[in-house]
Amino acid sequence: MSVTLAPPNTGFVLAAGAIDAVKQYGRGENAVRALDGVTIGFERGRMTAIMGPSGSGKSTLMHCVAGLDSLTSGEAFIGDVALGGLDQNQLTRLRRDHVGFIFQAFNLVPTLTAIENITLPSSLAGRRPDRDLLDAVVDAVGMRSRLSHRPSELSGGQQQRVAVARALLGRPDIVFADEPTGNLDSHAGAEILAFMRTAVRDFHQTIVMVTHDPAAACTADRVVFLADGRVVDELAAPTVPTILEHMKTLGGEH
Amino acid sequence: MFRLTIRTILSHKRRLISTVVSIVLGVAFLAGTLVFTDSLRRSFDDLFSSVYSKTDAVVRSSEEISIGQGITQRGRIDESLVDLVAAVPGVTAASGSAAGYARILDHDGNPLGVDRGMPNFGMDISDNPLSVWDLRSGRLPSGSAEMAMDAGTFSQGDFVIGDQVSVVSQQGARTFELVGVVGFGDADSPVGSRVALFDLATAEEFVGQPGYVDSIQARGDGSMSQSELAARIAAVMPRGTETLTGVAMADDSSNQVKTALSFFNTLLLVFAVVALFVGSFIIYNTFSIIVAQRRKENALLRALGASERQIEASMLGEAVVMGTLGSLLGFGAGFGMAVLLRNLLSAVGIDLPQSGLVLQPRTVVLSFVIGLGVTLVAALLPARRGAHVPPIAAMRDVAVEQPSFSSRRLAAGLGLLVAAVAAVAVGLTGQLLVLALGVALVFVSMFVLGPLLARPVARFLGAPIARARGLSGSLARENAMRNPKRTARTAAALMVGVALVAAIAVFASSIKSSIRSVFDEQFTGDYVVSTQTFGFGGLPVALAPQLGEIPGVAAATGIQIGLARVDGKDQGVTVIDPATAAQVFDLGAKFGRVEDLDSTGILVSTARAEDDGLALGDELQLQFLDGGTHTVRVVGIYDRDELAGPYTIAKSLYAQSGGDQYDFSVYLTLRPGADTDAVEQALDAAVVDYPYARLESRTEYIESQAAQIDMFVNLVYGLLALAVIIAVLGIANALSLSVLERTRELGLLRAVGATRRQVRAMIRWESVITAVLGAVQGIVVGVALGWAVVRALRSQGFTEFSVPTLTLVAAVLIAIVCGVVAAARPARRAARLDILQAVASE
């Protein structure tokens, strides 16, 4: 493993990660190991892409580290908090206060306006969002003129921009993006990736993105390749050709 | 296609159950009422044919005065006719029987039997083959100091043979030695009546009229048929009598009891209809939601070559299965309901003869036709809409957002409302069926208009919740507003229940206010000795003069309700003592004076005088139960007829009527400065023999008169609870479907940090907003209906219109509770939702 884990509580370089993570579905003969002993860390202020063929466990890894799903064995952590010891309510609060999400589709609550969707996590926590930060985020994604629109009145790209703004507003320790450009045309997709890149650069935001699109993955600082529930390779400062090359050597189809 | 239908149903068992339940309840009520009624009819027929099994012919007075609502009295006939009947060739035995009001008191001096229930009476019993009574233990009474009683009373009063038992009749209170216990055929008592039995002479003297009997039973020697025997007897009977066969008499008696209970029967059927009506709203709503959710699936089927007709048939097939299942279960539950009803009646003191439950083919047919029919009719429109989907919809992500305003809907709704209001207006002139149709139309028009109202009303109602409950509250409000059609349809079931409650509450409250204001204006006295035995029995007429002599009492006047045929029409007449009545009541005399009334005069209300063109000095023909006719002169005309009714006559006249002489209440005025404590004590002592009478002050009396309406109203509320339960099921059903539909949205909320508690709160408040929407609509409709009814009955003494604010507030609170209860399961499911399933991309 090329990743070094920092000792607990001393100048954390990792925003989140997993140690020897195993996720098993079913029992006995039908048992499927979606994660088979994954140890990985996500550095602060950087964007990590997770790639791999369907069924490689990339989404499962993200869900488990984000506190949406639990591990069969091993440990996942966010900051210095181990997720295994948390109950449902603590997990919910952790997600609300320390994690941001961008999903592939259905990112927004249809009954809420764009601005209400952006401030949703802070509203759920009963907090007022930081005014300056809100302005900065809204301007960053260029949605100021459409704040009072409902999702049904926004294009797919605009909806994703609202989702990005929501993920960034809470200043979360980490943002998880699950195929954030999967439903978008290449132009809108590029825009979203640019916003995420800006967030990493200007806000020192930590982002973990699951994708199977090399064009998306190359905006990340690092690409981690998964296959059959294990980390099989990784690549720093990726470009589309290097990514394609790695994928070829892994023999993975996507 | 049929296989698809079955698969679909089986894959949604839970939804199936909750939809079916709304059919089950309605059908159960219907089937239960029918089974109960049929069983009752059969058992009364059996009872009376066994009671009259030994009787071949009955002679009774042909004079009968009937003023509706089951208030009927028949005259008596001369006792000497018994010998005449006995002398008819072919008659082997004949005996007279005498009956009248009597009240048996228990060991503690409390009256047995129910006020305003089945009549409590005294009667003769003798050792002849024609007796309707079967001696169960002891012996028959003989002489003026002995009595027997029915087995029901015997066990209720915890008596033993040899007890000294107090009985009150028009002759006052008397004590008898209990020597025997009898049954009424197989039954312990005649339908829960409390019966004191004496020998014939004592019965005539104590409860009847000496020298007169109510009827004569005769038995033939078997040489001819009942009708031949009856014809032979009739030939020798004087005018004013009629002769029936024993079979006809049994039918007649049975019919009388059935008529008395038919009010209850009708009430139950009305509620069965209400339950089915509310149920149909829920079925309509459920199918509409299912259709919306299955739009894509149906479009796919269309794309693969299914015709609209096939899809419609498939959905209707689902309705057929649900309707059949619901009817079947409801039909089964109906038997339980019938048993429950019987126990309910016996709990309020109406003993019904125990016999098996009767199932008529009609009950089976009606249960299934109506259960299935209601389901199909309710499902037809959604099924047609669901089938009418373009195949291309399968390829598109269809927008679920619906237009919030449709002028076509508005026009249709308003049109229906106008028709409904017209029907109600016509119905209120006395056409009850048209009225019911109008009320149903009002609900349908509200159902059509509902989606237009739902959004603004939900926005308004949700505002305080959004403010108080933060994000969960405002999301709840948004959810209630997002699909106004669904919200309105879901609320509609509760609207119907609440509207009926509100209408009844307004009606009752207005009656009460009217009663209060009428008594306040017309009753000028201070105390009342009142009974509940309105129309049959009451206080001996000798009591009022006795009370009048108590020091401090200025006047005590007894009021009787008499029956008479005035100018050929059967009427209830008020019978007063002219010497004292005016000191206690103010009838608003327009012409003449109450004091001038005597046995040759009559007082007439202004309204009746105007209708019939009567003036002072005009003559009227009055005929009483004994057949005697009296010519009376109008000596006064009074304005205030709410208490006195159209005709008022003097006691001295009614004493000649041959009818029983009872005051239903005695009203008193005190002398100025009288010592009220002393008077009260003296009055208490004077009425101690009549424990079924109550001594009340003016205020107490007025309040208890007003409160009498409460019993009826509470019964209605109890039955309407059924409609509310169905409505709660409907809300729960719709919410469950919504939760299913919003799986992803709920998952997203959970993923970005909504706690389970917040998700539950959101669903719960949406439910509350929906329920309150229904309640508010219901209250508006109900108050309007109540107003219309009260207004229409203004001439019948409904002088006041009163809105019972407290009851209506309670209705809203109950709606809130309903909302919370209905949301319990859907909210739990929403909170338990697997987030991953909700957010995972494909």
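Residues numbered from 1 in each chain as written. Chains lettered and ligands numbered in written order. Predicted model: local features only at pLDDT ≥ 70, side-chain atom pairs only at ≥ 80, totals over all residues.

**Brief notes about the packing of helix H19 (residues 698–741) of chain B against helix H22 (residues 805–832) of chain B**
Residue and element names in this part refer to chain B.
Argument step 1. Close contact between H19 and H22 brings their axes to 8 Å; oriented N to C, the two are set at 25 degrees. Judged by the angle between their axes, H19 and H22 are roughly parallel. Between H19 and H22 lies a crossing of right-handed hand. Residue-level inspection shows Val 724, Ala 727, Val 728, Ile 731, Ala 732, Leu 735, Ser 736 and Val 739 of H19 in contact with H22, the latter providing Cys 818, Gly 819, Val 821, Ala 822, Ala 823, Arg 825, Pro 826, Arg 829 and Ala 830.
Argument step 2. Of the residues that constitute the contact of H19 with H22, the class distribution is 13 nonpolar, two polar and two charged. (Axes fitted to C-alpha atoms, helices over the stretch in contact; angles between N-to-C directions. Helix = DSSP H or I, 4+ residues; strand = E, 2+ residues; numbered from the N terminus. Parallel < 35°, antiparallel > 145°, perpendicular 65-115°, else oblique. Left-handed = near helix turned anticlockwise from the far one by under 90°. Contact = placed C-beta atoms within 7 Å. Nonpolar A, V, L, I, M, F, W, Y, C, P; charged D, E, K, R; others polar.)

**Concerning the interface of chain B and chain A**
Argument step 1. At the interface, 24 residues of chain B touch 29 residues of chain A.
Argument step 2. When contributions to the side of chain B that touches chain A are tallied by element, the ones reaching two or more residues are helix H12 (432–482), helix H20 (743–751), helix H21 (756–792) and helix H23 (835–839) of chain B.
Argument step 3. When residues of the side of chain B that touches chain A are assigned to their parent elements, the largest contribution, six residues, is made by H12(B).
Argument step 4. For the side of chain B that touches chain A, the residue count by class is 12 nonpolar, six polar and six charged.

**As for the sheet that holds strand E6 (residues 99–102) of chain A**
Residues and elements named next belong to chain A.
Argument step 1. Taken in spatial order, the six strands of this open sheet run E6-E7-E8-E3-E9-E10, and their pairing is mixed. Unpaired on one side and paired on the other, E6 and strand E10 (230–236) mark the two borders of the sheet. Within this sheet the neighbouring strands show an average axis-to-axis angle of 20 degrees, counted without direction.
Argument step 2. Bridging between strand E3 (residues 47–51) and strand E8 (residues 207–210) involves four bridges; their strand directions are parallel. When the bridges of E8 are listed, Met 47 appears paired with Ile 207.
Argument step 3. Strands in contact with helix H6 (residues 156–169) are E6 and strand E7 (174–178); relative to E6, the strand with the most contacts, it is inclined by about 175 degrees. (Pairing = 2+ DSSP bridges.)

**Remarks on the sheet that holds strand E1 (residues 14–25) of chain A**
Residues and elements named next belong to chain A.
Argument step 1. Taking strand neighbours across the sheet as the criterion, the four strands line up as E2-E1-E4-E5 in an open arrangement whose pairing is antiparallel. Where the open sheet ends on each side, the last strands, each with one partner, are strand E2 (32–43) and strand E5 (81–82).
Argument step 2. Judged from the five bridges that link them, E1 and strand E4 (residues 73–78) form a sheet pairing that is antiparallel. Bridge pairing links Ala 18 to Ala 76 in E4.
Argument step 3. Against the sheet, helix H1 (residues 58–65) makes contact with E1, E2 and E4, and its axis sits at roughly 120 degrees relative to E1, the strand it touches most.

**As for the domain arrangement of chain B**
All names here are of chain B.
Argument step 1. Segmenting chain B into domains produces domain 1 (54–258), domain 2 (423–523 + 699–842) and domain 3 (539–691).
Argument step 2. One C-alpha centre belongs to domain 1, the other to domain 3, and the line joining them spans 30 Å.
Argument step 3. If you look at the interface, domain 1 gives 20 residues, while domain 3 gives 19 residues.
Argument step 4. For the side of domain 1 that touches domain 3, the secondary-structure elements that each account for two or more residues are strand E2 (64–66), strand E6 (99–101) and strand E12 (172–184).
Argument step 5. Its residues assigned to classes, the side of domain 1 that touches domain 3 comprises seven nonpolar, 11 polar and two charged. (Domains from an automatic or database assignment.)

**Focus: the confidence of the model for chain A**
Argument step 1. Residue-level pLDDT values for chain A average 85, and 94% of them are 70 or greater.
Argument step 2. Counting contacts from residues 1–11 of chain A, a segment whose pLDDT is below 50, to residues more than four positions away or on other chains yields 12 contacts. (pLDDT = per-residue confidence, 0-100.)

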